[in-house]
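# Fold and geometry: a report
Here's the letter readout for the chains.
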Amino acid sequence: VSQSVEQENGAVIREAGTVYRSGGRAERRRINRQSAVSATAPMPDLNGDHRPGERDAHPIAASRLDLQAVASVLLAILLWVAGIWGADPRDMTDIGLLALFTVPMVAALVLLTASFFVALRHKAAEWVLAVHLLAFIALIHGTPAALFGTVRYGWSWKHLGIVDYILRTGQVDTTISTLQVYHSWPGFFGGTALLTEMTGRSNLQHLATWTQVAFNLFNLLAARFLLRSLTDDRRVIWLGLWFLFVTSWLGLDYFSPQGLAFPLYVVLLGLLVRAYRRTGTTWHPVKRPQQIKMRPLVALPLMIMLMLVIASSHQITPLMMMLALVTACLFRGSRGWYVPVLAVALTLGWAFVVARGYTLDHLSALTIGQPVQNGVDTLEKSADVRGGQVLVSYGGRFTTAAGLAMAAAGIYQVWRRRRLDRLALLLLLSPMLLLGVTEYGGEVLFRVVLFTGPFMAYFAALAVYPDKSEGSRNRRAIIGAVVTVVVLPAFLLGYYGKDAHNYFTPAEIKAVGWLYDHAEPNSVIVVGSRNYPQRFRNYENFVTLSIANEPEDSRNRVLADPAERLSRWLNAGPSNKPGYVLITRSQKVGNDLIGPMPIGALDRIEQALSLSPRYQVGIDTGDAVVFVLMRTGARP
Amino acid sequence: MGRNSLRAVVLAATTLTAALLFINDTTPARLPVALAFALVIPGLGWACRLRLRDRGDTLLFAVTISICLLVLVGEGMALLRLWSVTGGFLILAAIGALGVCLPQPFRLPLLSRFAKARTAVAPKLPPGLANGSAGHGLDEHLADLPPRRIHYDGYGGDEMDHRADEQPQHRTEERPHDGHASAEQQIPPDEREKPATGV
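Below: a short report on this structure. (Residues numbered from 1 in each chain as written. Chains lettered and ligands numbered in written order. Predicted model: local features only at pLDDT ≥ 70, side-chain atom pairs only at ≥ 80, totals over all residues. Heavy atoms only, no water.)

### Here's the deal with unusual backbone geometry
Generally, phi is negative for residues other than glycine and the peptide bonds are trans, each holding for most cases. The phi dihedral of K123(A) falls on the positive side, at around 55 degrees, and the residue is not glycine. Residue placement: K123(A) occurs in the loop between helix 4 (103-121) and helix 5 (126-148). (Helix = DSSP H or I, 4+ residues; strand = E, 2+ residues; numbered from the N terminus.)

### Examining helix 4 (residues 85-101) of chain B
Residue and element names in this part refer to chain B. In a regular helix each residue adds 1.5 Å, so 17 residues correspond to 24 Å; helix 4 covers 24 Å between its end C-alpha atoms and thus fits that length. Every buried residue of helix 4 is accounted for by G88, F89, L92, A93, G96, G99 and V100. Down the axis of helix 4, the buried side of the element spans an arc of 125 degrees, and every buried residue falls inside it. (Expected span 1.5 Å × (residues − 1). Buried < 20%, exposed > 50% of the residue type's maximum accessible area, 1.4 Å probe, protein only. Arc of directions from axis to C-beta.)

### Quick look at the packing of aromatic side chains
All names here are of chain A. Inspection of the entire model under this criterion finds 32 aromatic pairs over all chains. Taking the centre distance of 5.8 Å and the plane angle of 90 degrees together, the rings of W185 and Y358 count as edge-to-face. Taken as a pair, W185 in the loop between helix 7 (180-184) and helix 8 (187-199) and Y358 in helix 16 (residues 356-362) lie far apart in primary sequence, 173 residues in all. Per residue, the accessibility class of W185 equals that of Y358, and both read buried. When the ring centre of Y495 is taken as origin, the NZ or CZ atom of R152, which lies over that ring, is 4.7 Å away. We note R397 situated over the ring of Y394; from NZ or CZ to the ring centre the distance is 5.6 Å. (Phe/Tyr/Trp six-rings, centres within 6.5 Å; stacked < 30°, edge-to-face > 60°. Lys NZ or Arg CZ within 6 Å of the ring centre and 35° of its normal.)

### Focus on the side chain of T150(A)
All names here are of chain A. Of note, T150 is situated in the loop between helix 5 and helix 6 (154-169). Take T150: its relative accessible area is 8%, and that puts it in the buried class. Polar side-chain contacts of T150 include one of 2.7 Å to the backbone oxygen of F504. When residues no more than four places from it in sequence are discounted, the contact partners of T150 are T209, Y503, F504, P506 and I509. (Polar contact = N/O pair within 3.5 Å; in protein donor to acceptor, adjacent residues only side chain to side chain. Contact = heavy atoms within 4.5 Å.)

### Considering the pattern of salt bridges
In total, this model carries 22 salt bridges over all chains according to the counting rule given. For D57(B), the salt bridge is made with R224(A), and the minimal N-O distance between the two is 3.5 Å. You can see D57(B) sitting in helix 3 (residues 55-79) and its partner R224(A) sitting in helix 10 (residues 211-230), one on each of two chains. Residue R228(A) is joined to D57(B) by a salt bridge in which the shortest nitrogen-to-oxygen separation is 2.6 Å. Of this pair, R228(A) sits in helix 10 while D57(B) sits in helix 3, placing the two residues on different chains. This pair shows no difference in class: R228(A) is buried, exactly as D57(B) is. Each of E126(A), R224(A), R228(A), R274(A), D54(B) and D57(B) takes part in a single network of salt bridges with overlapping partners. (Salt bridge = Lys/Arg side-chain N within 4 Å of Asp/Glu carboxyl O.)

### Examining the nonpolar core
Generally speaking, nonpolar side chains in soluble globular proteins are found buried as a group. Counting residues in each nonpolar core, the largest one holds 209 residues, and the members touching the most others are W80(A), F136(A), F243(A), L271(A), F459(A) and F61(B). Considering each element in turn, this core owes the most residues, 14 residues, to helix 20 (residues 444-464) of chain A. Grouped together as the second largest cluster of nonpolar side chains are 20 residues, V524(A), A563(A), L566(A) and A601(A) included. (Core = buried A, V, L, I, M, F, W, Y, C linked by side-chain atoms within 4.5 Å.)

### Structural notes on the environment of L72(B)
By the secondary structure assignment, L72(B) is in helix 3. Once you skip the residues sitting within four places of it in the chain, L72(B) turns out to touch M305(A), L308(A) and V309(A).

### Observations concerning the sheet that holds strand 6 (residues 615-620) of chain A
Remark on secondary structure: sheet strands pair via backbone hydrogen bonds, oriented parallel or antiparallel. Residues and elements named next belong to chain A. Taken in spatial order, the five strands line up as 4-3-5-7-6 in an open sheet, and their pairing is mixed. Taken across any chain shown, the strands that pair with only one partner, and hence form the sheet edges, are strand 4 (543-546) and strand 6. Strand-to-strand twist of the sheet, defined as the mean angle between neighbouring strand axes without regard to direction, takes the value 25 degrees. Sheet topology places strand 3 (residues 524-527) next to strand 5 (residues 579-584); three bridges connect them, and they run parallel. Residue V526 lies in a different strand from strand 5, and its bridge partner there is V581. (Pairing = 2+ DSSP bridges. Axes fitted to C-alpha atoms, helices over the stretch in contact; angles between N-to-C directions.)

The values reported here are purely geometric and, on their own, carry no functional implication.
Here it is in structure tokens:
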């Protein structure tokens, strides 16, 4: 064992159990006695800053370093704000928000990264490291909310529609024909509806706009709890957290059940590690973190509550929860057989009792035993992208690949030192099992990456700090910083790259709101694509058809004669109701970037309808237009 | 945070939110107040009862428990078609109040016998084990002991840390947490082991 420790009262160096120090024989005997005691004692808690080192030796210098770090963070925030100030989200190009980046913004990220690793190298206090992460979250995830001022992602808007439904009717309907899945797992929506009622109904869109920041702060706390359950090395904990946020490019932290269920899942695993870790049968002995263990009696009620909320709020997270807990127990990573049994019972109980209508209708959607095909389905989703979106697609993939490579290096490092933690490894690998169960609408690979994230970050941090030795501190900090500098551009591409079509202007929202307020119940609404602020109000009253989601031959017929073909679609609805066609800016941008129709197709449709005498313009806000097809007996 | 301060915080936040809610206030103050109440207060007392040593973890559990309660109450009312914002608020407020008003588990009559048994056994245990709330408690010690054979070869340092964990008789002084002194701290100072400060 090689360990060197500096102490305040002189140079005390301990190597391989030998203590050298200038001083008398009695003094040496006293030190040897103390070292014999300390050798049998647990390592001091790093989180409590009780490990002797240069911080203890030079408290004033340490405080100065802390202040410098905080000043650097403030400067980075100022640079970022100055860089983005006055930017117009309409100027985004095919690489999304990245097109609006300026030199001060890049400098801000470089400064923040450098400051974080300097702080880590000097073993800064935990709050200093936390300030860096908070700043990173505020800058990266707060910028779209502040700059756009509207809810990001088209699919967030239909989640608002479910909350709107609960607020209007005071209930959910598990037999409803449209968006039944959300009514069958209504936890997130019920909670949001209650929160909205308490804060005021007019605040719903504000809450949804800032949800990403809130969920990421929640993720930070949850992931810190999990990593502190796995190790007591503060460097690994905070570097792991840094890697987690620098590689989380998926954007699954938006206003959605998944956004809520993920941090809850992380907390659940943290509780599992703290209360149910099996220490006697690991492949290699691991150090058990001090002072964080929980009694199963304390942890179990919390775990049951978390399982119930996860099981009632989402579809794939409960599946992941079952897989993780069963895997951990089956391969003897954790004890407590009743924990996975409870998870299975709650998940299946909810699916086959409350959500039985949806579950029984969609059992055939489970694609068990086709892991390769399920993975390929996800990759194929980005097969039709164009221009800068190709780069965006590769940016995300590179970020994940780099994270996995670092994690593999970390696993090798700790395996070589006979410190590989079986439970952490099992929980890292268990999301892969999802590939063998479902394709999840062609998104399962994204979910695998999401659930792997915290453990990938943990092992990636272990690649830099595989043990507690104090040597090579500069080299290790530089390695971490270099990895960040390599990964960060790819992360930014993956995370911000699609914002050109994830952004919705207030004018678009106004037009869509007008449509949902004025269209008569049971009307048919034809939309260019689903990339618009969709179904956020009175959604159950309308039948919505998307041109982009039709089969290719059907799309081609529409493009050949839009006015005539869309009239036929709209005439299929109730005869005494007007039909509506909605074309928005975001639909056009989305189609031009990721297809599936030719570039400019929606512009041509809009032009054709505006020239047709059969259609009237209901509202035109500049960014969106609603055409109304008047029919005999229909009221405008 | 002491119990009385905790009660004061929960009471103040609940009263303020109730006032804003029941007078149907539309000022900008309602959003932050109601948000802070809904996301922290119902779980705050319960999180503090966990006696976690870390403030970040305590905050995490205050938020986690509050969000879980918000979800369960909201979806319960929606599924049972009993939607009522007043009812939902009152349930959350009641659970939050219970978290700070209920006596500690070992002060309940049913569990007091067990607590007494612990107190009787504790002096015979190695130092540090009587402090059950932090994790290194009697039940865990007993659960861990039978199947495990403890080796100790006299070497210290990093590689032996996991074995050191399982040598409770050598456990050194632990810091008090949340204001509750551990049993070890009740030992006179001269009888305590020296704190392990490196070498």
